Amino acid sequence: MWSLETLGRTRLSRYFFLRDFMHSEISAFYGIPNIPENPDAVIAAGKALATKLLDPLVETFGPVAIRSGYRAPALNKFGNDNKLNCSRNEVNAASRIWDRRDSEGRMGACATIVIPWFADQYDQGRDWRDLAYWIHDHLPYHEQYFFPKLAALNLTWRENPERRILSYIAPKGTLVPAGKAPDEPPAQRRKRYADFPPFRGITYPPLTAPDRWQRKSINE
């Protein structure tokens, strides 16, 4: 227990600790521990997800709510076997299962997030594709998968990303296929999110001590 508590204190980025991604309703309800098989691999993948994708979202839009994140292989298998909305372990490698590489040997990590700034606008009828295209044009994501409640999305980082966008919100299905350019040209996409806050990223020096992380503002 103490080792797990210590692991949870691992800082992944300016804004996120590993513990932020460890909660699981399946784990809590069924009493199945959500303990990594390979903590070092989990930390490495989690740092990439947090620094490359999540920190820039916080810098730009404010707080980002983590709905779910890491899932241990045994926990994920239980969820799949019991039809609890978990894909097979082979599918979730380098996605929910951060400490297993995918079939191509790529490291990756996924988290389900909600951006309250955008969720409020979505509740008033804003198109989810405005956010999807903003992420596509600003962040090195592997996959986005949107859901109707709160415009939540599964956001995945992976080595050698395929950059695909899918959704359960109308228009359902694939918005941007893997490795393809969006149907909407850049100028049309920029009009969608012209009222978004200016993009703000973070530069990470070689020694990424928290007090040395610096903000970088990019106005487009």
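Residues numbered from 1 in each chain as written. Predicted model: local features only at pLDDT ≥ 70, side-chain atom pairs only at ≥ 80, totals over all residues. Heavy atoms only, no water.

What follows is about the layout of surface pockets. Estimated volume of the largest pocket: approximately 1,200 Å³. In terms of lining residues, the largest pocket is bounded by 41 residues, among which R71, N85, R96, T112 and N154 are the most central. Listed by contribution, the elements that provide at least two residues to the lining of the largest pocket are helix 2 (25–30), strand 1 (65–68), helix 5 (89–92), strand 2 (108–114), strand 3 (143–146) and strand 4 (153–158). Per-element tally for the lining of the largest pocket: the top contributor is helix 2, with four residues. In the lining of the largest pocket, the residues fall into 16 nonpolar, 13 polar and twelve charged. (1 Å grid on protein atoms, 1.4 Å probe; cavity = no way out; pocket = protein on both sides within 12 Å on 5 of 7 lines; lining within 4 Å. Points joined across faces, edges and corners; volume = space filled by probe spheres on them. Helix = DSSP H or I, 4+ residues; strand = E, 2+ residues; numbered from the N terminus. Nonpolar A, V, L, I, M, F, W, Y, C, P; charged D, E, K, R; others polar.)

This part is about the side chain of D55. Mapped onto the elements of the fold, D55 is located in helix 3 (residues 39–61). No salt bridge is formed by the buried D55, whose closest oppositely charged neighbour, R14, lies at an N-O distance of 6.7 Å. Leaving out residues up to four positions away in the same chain, D55 has contacts with S13, R14, Y15, F16, A50, I202 and Y204. (Buried < 20%, exposed > 50% of the residue type's maximum accessible area, 1.4 Å probe, protein only. Lys, Arg positive; Asp, Glu negative; His and termini not counted. Salt bridge = Lys/Arg side-chain N within 4 Å of Asp/Glu carboxyl O. Contact = heavy atoms within 4.5 Å.)

Right, let's get into the sheet that holds strand 5 (residues 164–167). The sheet built from six strands is open, its strands ordered 1-2-4-3-5-6 with mixed pairing. Because the sheet does not close on itself, it has two edges, and the strands there are strand 1 and strand 6 (173–176). Across this sheet, the average inter-strand angle for adjacent strands is 30 degrees, counted without regard to direction. Alignment of strand 3 against strand 5, held across four bridges, turns out to be parallel. Of the residues in strand 5, the one forming a bridge with F146 is S167. (Pairing = 2+ DSSP bridges. Axes fitted to C-alpha atoms, helices over the stretch in contact; angles between N-to-C directions.)

Below, the discussion takes up the side chain of D130. One can find D130 in helix 7 (residues 128–138). Not counting the four nearest positions on each side in its chain, D130 is found in contact with F118, R192, Y193 and F196.

Moving on: the pattern of salt bridges. Taken as a whole, this structure holds 19 salt bridges when the rule is applied. Note that E37 is salt-bridged to R100, the shortest N-O span being 3.4 Å. Linking E37 in the loop between helix 2 and helix 3 with R100 in the loop between helix 5 and strand 2, this pair joins segments that are 63 residues apart in sequence. Of the residues examined, R100 reaches a relative accessible area of 33% and is grouped as partly exposed. Here D130 and R192 are joined by a salt bridge, their closest N and O atoms 2.7 Å apart. Of the two residues, D130 sits in helix 7 while R192 sits in helix 8 (residues 186–192), which places them 62 residues apart along the sequence. Each member of the pair, D130 together with R192, is buried.

The next subject is the confidence of the model for the protein. In low-pLDDT regions, the fine details of the predicted coordinates are not to be read closely. Taken residue by residue, the protein gives an average pLDDT of 92. The fraction at 70 or more is 92%. Within the model, the stretch residues 207–220 combines pLDDT values under 50 with 30 contacts to residues more than four positions away or in other chains. (pLDDT = per-residue confidence, 0-100.)

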